[in-house]
Amino acid sequence: MKRIDAALAEIKRVVGPTGFLDDPALLEPYLIEERGLYRGATRAVIRPASTAEVAEVVRICAGHRLALVPQGGNTGLVGGGVPPEDGQNIVLALSRRNRIRAIDPVNFTMTVEAGCILSDLQKAAQESDRLFPLSMGAEGSCQIGGNLSTNAGGIAVLRYGNARDLCLGLEVVLAGGEIWDGLKGLRKDNTGYDLKQLFIGGEGTLGIITAACLKLFPKPRAIGTAFLGLSRVEDVMALFAEARAATADQLVAFELIPRAGIDLAIAHVAGTVDPLASPYPWYVLLEVSSSEEGGGLSALLERFLESALATGLVADGVIAASRAQRRDLWFIREAILEGQKYSGSIKHDVSVPVSRVAEFIIRATRAVEERLPGIRPIPFGHVGDGNIHLNLTQPEGYDRAAYLARWQEFNDIVHGLVRELQGSISAEHGVGRLKREEITRYKSPIEIELMRRLKRALDPDNILNPGKVVAV
Ligand code: FAD
Ligand code: ZN
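Here goes a summary of the coordinates provided. Please read these numbers as outputs of a predicted model, since none were measured by experiment.

## A closer look at the coordination of the zinc ion (ligand 2)
Around the zinc ion (ligand 2), the protein contributes the donor atoms His382 (NE2), His389 (NE2) and Glu428 (OE), which lie 1.8 to 2.2 Å from the metal centre. Take His389: its relative accessible area is 6%, and that puts it in the buried class.

## Things to note about the side chain of Ser289
Tracing the backbone through its elements, the reader meets Ser289 in strand β14 (residues 282–290). Residue class for Ser289 comes out buried when judged on its relative accessible area of 4%. For Ser289, the side chain forms a polar contact with the side chain of Arg159, separated by 3.4 Å. Excluding its chain neighbours within four sequence positions, the residues that come into contact with Ser289 are Arg159, Tyr160, Pro220, Ala222, Ile223, Gln250, Val252 and Leu297.

## Description of the sheet that holds strand β9 (residues 179–182)
The 5 strands lie next to each other as β5-β6-β10-β8-β9, forming an open sheet whose pairing is antiparallel. Looking along the sheet, the strands with just one partner apiece sit at the ends: β5 (100–104) and β9. For this sheet the average axis-to-axis angle between neighbouring strands, irrespective of direction, equals 10 degrees. Examined bridge by bridge, β5 and strand β6 (residues 109–113) share 4 bridges and lie antiparallel to one another. Within β6, the residue paired with Asp104 across the bridge is Thr109. Where helix α3 (residues 51–64) meets the sheet, it contacts β5, β8 (167–173), β9 and β10 (208–215), and its direction lies at approximately 50 degrees from that of β8.

## Considering helix α9 (residues 259–268)
The set of residues buried in α9 consists of Arg259, Gly261, Ile262, Leu264 and Ala265. For α9, the secondary structure elements touched by its buried residues are β12 (222–230), β13 (251–258), β14, α11 (323–339), β18 (376–380) and β19 (387–393).

## Observations concerning the site of ligand 1
Ligand 1 sits among 35 residues. The nearest are Pro70, Gly72, Gly73, Thr75 and Gly76. Contact between ligand 1 and Asn74: an oxygen atom at 2.9 Å from a main-chain N or O atom of the residue. For ligand 1, whose unbound accessible area comes to 980 Å², protein coverage reaches 94%. Among the elements of the structure, β3 (67–71), α5 (144–149) and β10 are those that each provide at least two residues to the shell around ligand 1. Sort the elements by how many residues they give to the shell around ligand 1 and α5 lands first, with 4 residues. Across the shell around ligand 1, the residue classes break down as 10 nonpolar, 22 polar and 3 charged.

## Digging into the sheet that holds β13
As summarised here, the arrangement of the 4 strands in space is β13-β14-β12-β15, forming an open sheet in which the pairing is antiparallel. Unpaired on one side and paired on the other, β13 and β15 (316–319) mark the two borders of the sheet. In this sheet, adjacent strand axes meet at a mean angle of 15 degrees when their direction is disregarded. Inspection of the sheet shows β13 paired to β14 by 7 bridges, in the antiparallel sense. Residue pairing in the sheet places Phe254 in a bridge with Leu286 of β14. Strand contacts of α9: β12, β13 and β14, with the helix running at about 75 degrees to β13, the strand carrying the most contacts. Against the sheet, helix α10 (residues 297–311) touches β12, β14 and β15, its axis set at about 15 degrees to β12.

Conventions used here
Residues numbered from 1 in each chain as written. Chains lettered and ligands numbered in written order. Predicted model: local features only at pLDDT ≥ 70, side-chain atom pairs only at ≥ 80, totals over all residues. Heavy atoms only, no water. Donors = N, O, S within 2.8 Å, 3.2 Å for Na, K, Ca; no water. Buried < 20%, exposed > 50% of the residue type's maximum accessible area, 1.4 Å probe, protein only. Helix = DSSP H or I, 4+ residues; strand = E, 2+ residues; numbered from the N terminus. Polar contact = N/O pair within 3.5 Å; in protein donor to acceptor, adjacent residues only side chain to side chain. Contact = heavy atoms within 4.5 Å. Pairing = 2+ DSSP bridges. Axes fitted to C-alpha atoms, helices over the stretch in contact; angles between N-to-C directions. Near = heavy atom within 4 Å. Areas by Shrake-Rupley, 256 points an atom, 1.4 Å probe, with all protein chains shown as cover. Nonpolar A, V, L, I, M, F, W, Y, C, P; charged D, E, K, R; others polar.

Now the structure itself:
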């Protein structure tokens, strides 16, 4: 019997038929991701029901040198969670590990298993009169284990931080099958290296996250949302600074949306309506929240808008007067993603210091337009934390495949500028396969070498998500 067959037979005995999928039709959704950049192959998808089962599966894999790819909601965008094409890795899906173990409203923590869907955690926190602030477009299907493994960001990082900032403790299955129980809910613990940080953002290459202790916050009782039109991108970050100061630390989200994105959404996504009476080249969707009922938030937002109109930073704006209006405004933000799916789109997920966001957008736009006249840059995203999703939509009429074949050429332009501005070439989506080689050009040799040493130390046989993040 081949080594892989022997390992699979042992694994099947541990997880039982419910935890073992090998019917090709059932494997299908685990092999591709949202953008369709990769199509993997695998013999089996393993769905353990407990941490002990995860540990046992990993121990068997280690014994047989069988590599495995952890997978959460499979909403990742960099090829990290899909197996390679050679079929030599199995997929370890965490979806059955979806219990909320405890909510401690006094400690403001929630202890949860890795397979919990993000939106379920948001709801559970809300039912306990608390807030779990991690929030993003994929929240209805991504899992907290995936969020932590990618150190996900999203729309509220500005106020609450990214997944790394929201995690106090982890339970992790290591490459040899040992279980590390680090599920502490402490804000202070200086007893040596902060081991959980290795696994957060580790993209499944250093260990399998099976549970986490997460931070909760007071539940917002008042939320204010505004959609503002701007004439000049140069004004965007000045507006951000004003908004942060004027709203007394209550700013949660500050999203940039270019007119070109709205045009694509109106053209392709039913239900998208122009938010303001006249079009503007740039828009900001901002949100403030307070845990105080009423809280004078509307008045605060109105005063801010009046002053921004008076100084000319903002050309026009609307403040949501109801929950339904708030939902409509956020719908536009989501629709601009959907609207870009109908043409070839070369994507960049980068960050620069907040004060240099406008400079980045102006210079990157100019550079890509010089390279390919007619290209349609769509810079959008969470600019309040310096994160720009610079998507480049193909020129109208250009051949889609020929356009996408030029991805690296545009990477060189955009990432080159990111380097000059001391930014990062992956702000929130991670490295996976997509940027594994690319990061070696933008991180120092010593950084890459330290990453390799960590990988070798924690996974000496290279069985945890091999070929992702860093080559060893
Ligand atoms: P997967 O895609 O299943 O896996 C991602 C990586 O983590 C893989 O390398 C996988 O091997 C590893 N992994 C998964 N679970 C575990 C585990 N338990 N232990 C160890 N390793 C594991 N991301 C953002 O940061 N901000 C956004 O605003 C954002 N918006 C998005 C909007 C849309 C519409 C979509 C489709 C994606 C978006 N993303 C965003 C990307 C994606 O949702 C996040 O990266 C998310 O955190 C991935 O979670 P997942 O459960 O789907 O992980
Ligand atoms: Zn994002």
